[in-house]
Amino acid sequence: MARPNVLQIVVDDLGFGDIGCFNYGITDTPALDRLFAESVQLSQHYSASPVCAPARAALFTGRYPHRTGAVDTLDGRGLDRIALDEDTLADALAAAGYTTGLVGKWHSGALDPRFHPTRRGFHEFVGFQGGWMDYWDWTIQKGDVVRRADGRYLTDVWTDEAVDFLRRHQQDPFYLHLAYNAPHAPFQAPDGMIDKHLARGNNPAVAALYAMVEAMDTGIARVLAELDRLGLADNTVVLFTSDNGPQMRGHGPEATDRFNCGFRGSKGHTYEGGIRVPGLIRWPDGMDGGTRVDAMIHFTDWYPTILAMAGAPSVNPDLARDGADMFAALRGESGDVPEQRFWQWNRYRPVGVCNAAMRDGHWKLVLPEIESAMHVTADDLEMDRALRYEPDRFTHIRTDPMPPMPVITEDEVRPELYNLAIDPLELDDLAAAEPDRVRRMRAELDAWFTDAQRPDLGADASALRRDWTVVS
């Protein structure tokens, strides 16, 4: 059998509850509904982080984000960058003879040509390097050319470019990473698509968000139809997922609280609503569709799994991967599936007792957010905005000192424990009833955090040190 093509579709801030087949028809998503029905569905599919850049770093490298240097979303600080001594899935597939392309959102390094996608394994790039972009007043790159808004809706631009990539490379083994930025803010949709969701009683932000999902679904339908038209569908591995859980915040007409199948938490949280994400894989020539896999699949698993499917070696075999080859599990065969997985995220520099979680089989330990480690300065928020709307204002990341590391008291660390086998919605905290399990899991989480830290990010960003302090 010829080597498979790989089409990896990663969308932005999408929850289970945004997809028609999971939300009782709140949204009309026929392309995704059909894709889930004919694919291997992943019921326990986990992002590596509750926010974008760290999650994508793990997806590209097969390593926990802390190891890669991509620990936050602040591209103006360089905290989204995959360090230069890391390799990516695109590096490995390109070295194996694949034509590699990225269409859409990168968010793994900006404001420095060394971190450009075409220096990280991608032969082609059409998109933007930061965390978000306006859907109408956009600025993107195509090759070395900067392109400005031309009247098209940005989601449609990505679809057009993906279809063009498929047509030009239909004779090659290819890896196309199609990264729609919908339904990430700003909440903007084509004219006429929002009205029905307003009529159903949704506020303006949620109505626009649902319309954005539907516009993206139309684009995905076009891409999948092109695979069919070119005769490539049977030997193309199609993966679909979201980078993290849905954003749910704001007040009044801007609030984005909405249905997400009852999962607790949302984007930014290490509860299930922030890290358990929709996932599927379709490869008609390589595995049976219309099935469900309940094994715990993690973003770090995709690097070794895709390389196994493609028969491609890693370009850096000495670099340890945190993920496992899950090809056998995806085909419903017996195999070793990791029992333990870890998560942690806060702003600027990692604080191991803040917003962290660990799974050990069906048990899950959560260390909730600690407010002092979650703040972003007004200057950094302004740079984040300016990079989207005034990209010419900045050519380098900020190098002035970041906010000091917080001092945290032991009273602020309040572990929670859940048995996901009987409580997947995390409603019944068992920490008080299982103190020994909590102590053991917290020790393992702390050991992982210590091991996963990258000691130095190089000259372009501050060192990542385990210098947060817990005061007893």
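The shown structure was predicted, so the numbers you read here are calculated from the model rather than taken from an experiment.

So, unusual backbone geometry
For the peptide bond that leads from A182 to P183, omega is 0 degrees, which places it in the cis range. Structurally, the position occupied by P183 is in the loop between β7 (174-179) and α6 (195-199). Omega for the bond connecting A185 with P186 falls within 30 degrees of zero, at 5 degrees, which places this linkage in the cis form. Position of P186 relative to the elements: it lies in the loop between β7 and α6. Even without being a glycine, D13 presents a positive backbone phi close to 65 degrees. Position of D13 relative to the elements: it lies in the loop between β1 (5-11) and α1 (30-38). Positive phi is not limited to glycine here, since Y24 has a value of about 60 degrees. Within the fold, Y24 resides in the loop between β1 and α1.

Quick word on the side chain of R63
Relative to the helices and strands, R63 is located in the loop between α2 (52-61) and α3 (65-68). Reaching out from R63, the side chain makes a polar contact with the side chain of E86 at a distance of 2.8 Å. In this structure, R63 is in contact with A58, T68, E86, T300, L319, A320, R321 and D322, ignoring residues within four places of it in sequence.

Side note on the sheet that holds strand β5 (residues 139-142)
Strand order in the open sheet made by the ten strands is β6-β5-β4-β3-β7-β1-β8-β9-β2-β10, with mixed pairing throughout. One side of each edge strand has no neighbouring strand; the edge strands of this open sheet are β6 (145-148) and β10 (291-298). Averaged over neighbouring strand pairs, the angle between their axes works out to 15 degrees when direction is ignored. In the sheet, strand β2 (residues 40-46) pairs with strand β9 (residues 279-282) via two bridges, with the strands oriented antiparallel. Its bridge partner being in β9, V40 is matched across the sheet by I281. Seen against the sheet, helix α5 (residues 154-168) touches β3 (99-105), β4 (124-128), β5 and β7 and runs at an angle of roughly 175 degrees to β7.

Details of the UniProt feature "domain: Sulfatase N-terminal" (unreviewed entry) in the chain
Feature annotation in UniProt assigns "domain: Sulfatase N-terminal" (unreviewed entry) to the following positions: residues 4-311. Helix makes up 29% of residues 4-311 and strand 19%, and the two end C-alpha atoms of the span are 9 Å apart.

Concerning the pairing of β3
Look at any regular strand and the pattern is simple: side chains alternate between the two faces of the sheet. In terms of burial, β3 is largely enclosed, as seven of its seven residues are buried. By the bridge criterion, five bridges tie β3 to β4 in an arrangement that is parallel. Following the sheet pairing, G104 is matched in β4 by G127.

A few points about the pattern of salt bridges
Where charged atoms from two side chains of opposite charge come close, those side chains can pair. Evaluation of the coordinates by the stated rule reveals 48 salt bridges. Residues R454 and D85 are paired through a salt bridge, measuring 2.5 Å at the closest nitrogen-oxygen approach. Highlighted residues: R454 in the loop between α12 (435-452) and β16 (469-471) and D85 in the loop between α3 and α4 (89-95), separated in sequence by 369 residues. A relative accessible area of 11% places R454 in the buried class. Salt bridges sharing partners connect three or more residues here, namely D12, R56, K105 and D243.

Thresholds applied
Residues numbered from 1 in each chain as written. Predicted model: local features only at pLDDT ≥ 70, side-chain atom pairs only at ≥ 80, totals over all residues. Heavy atoms only, no water. Helix = DSSP H or I, 4+ residues; strand = E, 2+ residues; numbered from the N terminus. Polar contact = N/O pair within 3.5 Å; in protein donor to acceptor, adjacent residues only side chain to side chain. Contact = heavy atoms within 4.5 Å. Pairing = 2+ DSSP bridges. Axes fitted to C-alpha atoms, helices over the stretch in contact; angles between N-to-C directions. UniProt positions renumbered as here; feature names shortened; annotations may be inferred. Buried < 20%, exposed > 50% of the residue type's maximum accessible area, 1.4 Å probe, protein only. Salt bridge = Lys/Arg side-chain N within 4 Å of Asp/Glu carboxyl O.

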